[in-house]
Amino acid sequence: MDRTRNPIRAVAVPSEHGGWGLTIEPGLLGLLVAPSVAGACLAVAALVLFVLRTPLELVLVDRRRHRRLPRTRMAERVAAVESVLLAAVVVVAAVTAHDSRWWIPAAVAAPLVAVELAYDIRSRRRRLVPELTGAVAIAAVAAVVVIAGDGDPRLAAGLWLILAARVTTSIPHVRAQIDRLHGRDWQPGLILVSDLAAVVVAGVAVVLDGRIIVGAVALVAVVVVQQVRRRRPVAPVKIIGAGQMVLGFAVVAASAGGVAWL
């Protein structure tokens, strides 16, 4: 069987499987809390931006290394098409948004995206810093979607924080599990700090809007589940990824449910 990866797929489809869940979660949460056409467009824009990152990184890396390969030209074409699509859905969102201030959380998250991109260009996307900054930045989509749907800005900020707390605890946990799986050293101290930081951030989210308390409880449950799993034999990578998707969507469901019920 030929296991060679399709060249178009190689430049057009992200290789980070976990990134799909992290990108879908904030858009879904935002739409559950404040559904709107503009919000749906912005959630789609987040997915397009996630996919666009792959060909864009290839183009920027090749330019930095002063080379132009067949994959470079293909990546440029794919990036151009995806950029047009991104611009189109953002324009529709801007025209249909109930509140034009949706761009504010996007602007706040932009420096985090820039940090991630800077690591990408140097082919260092697997480091902890870009993984965290990128995930926290994409979590801002929850706030963007809620504000576009005329939701409370304080609630929007709190939802961003609850998802930021989720990735703050989960990403170091996953990295530690993978290190254990491959027999590499991992840092228990870093895990403890990330868990404590996540709980603190979740607490700030509740201060912003008390209805987020259900999501905060779910976040604490995620921390507990991960602590228990670290004391057990390491599961295969696919199981780790699937488990994280379940935990992520559980936080989304709890957060949205809390806002609806309280």
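Residues numbered from 1 in each chain as written. Predicted model: local features only at pLDDT ≥ 70, side-chain atom pairs only at ≥ 80, totals over all residues. Heavy atoms only, no water.

*Asks:* Report on the packing of aromatic side chains, specifying residues and quantitative values.
*Replies:* Under the counting rule described, the total for this entry stands at one aromatic pair. Taken together, a centroid distance of 5.0 Å and an interplanar angle of 80° make the contact between Trp 20 and Phe 50 edge-to-face. Of this pair, Trp 20 sits in helix H2 (residues 17–33) while Phe 50 sits in helix H3 (residues 37–64), and the two are 30 residues apart along the sequence. Owing to a relative accessible area of 30%, Trp 20 belongs among the partly exposed residues under this scheme. When its relative accessible area of 9% is taken as the criterion, Phe 50 is described as buried. (Phe/Tyr/Trp six-rings, centres within 6.5 Å; stacked < 30°, edge-to-face > 60°. Helix = DSSP H or I, 4+ residues; strand = E, 2+ residues; numbered from the N terminus. Buried < 20%, exposed > 50% of the residue type's maximum accessible area, 1.4 Å probe, protein only.)

*Asks:* Break down the environment of Ala 106 for me, with residues and values.
*Replies:* Here Ala 106 shows up in helix H5 (residues 103–121). Along the chain, Ala 106 and Leu 181 lie 75 residues apart, while their C-alpha atoms are 36 Å from each other.

*Asks:* Lay out empty space enclosed by the protein in plain terms, naming residues and giving numbers.
*Replies:* Overall, the coordinates contain one cavity of 30 Å³ or more when judged by the stated rule. Within this model, the largest cavity holds a volume of roughly 50 Å³. Residue lining of the largest cavity: Leu 22, Glu 25, Pro 26, Ala 135, Ile 138, Ala 139, Leu 163 and Val 167, and that is the complete set. Looking at the lining of the largest cavity, the elements that each hand over two or more residues are H2, helix H6 (128–148) and helix H7 (153–181). For the lining of the largest cavity, the residue count by class is seven nonpolar, no polar and one charged. (1 Å grid on protein atoms, 1.4 Å probe; cavity = no way out; pocket = protein on both sides within 12 Å on 5 of 7 lines; lining within 4 Å. Points joined across faces, edges and corners; volume = space filled by probe spheres on them. Nonpolar A, V, L, I, M, F, W, Y, C, P; charged D, E, K, R; others polar.)

*Asks:* I'd love a proper account of a positive patch on the surface, names of residues and values included.
*Replies:* Taken together, Arg 64, Arg 65, Arg 122, Arg 124 and Arg 127 make up a surface patch of like positive charges. Secondary-structure assignment places Arg 124 in the loop between H5 and H6. (Patch = residues over 30% accessible without salt bridge, like charges linked within 9 Å, V, L, I, M, F, W, Y side chains within 5 Å. Areas by Shrake-Rupley, 256 points an atom, 1.4 Å probe, with all protein chains shown as cover. Salt bridge = Lys/Arg side-chain N within 4 Å of Asp/Glu carboxyl O. Lys, Arg positive; Asp, Glu negative; His and termini not counted. Charge placed at Lys NZ, Arg CZ, Asp CG, Glu CD.)

*Asks:* How would you explain the nonpolar core if you had to name every residue and give the values?
*Replies:* Counting 49 residues, the largest nonpolar core has Leu 159, Trp 160, Ile 162 and Leu 163 as its most contacted members. If you tally residues by element for this core, the top one is H6, at 14 residues. In this structure, Ile 162 is in contact with Ala 202, Ala 205, Ile 212, Gly 215, Ala 216, Leu 219 and Ser 255, ignoring residues within four places of it in sequence. (Core = buried A, V, L, I, M, F, W, Y, C linked by side-chain atoms within 4.5 Å. Contact = heavy atoms within 4.5 Å.)

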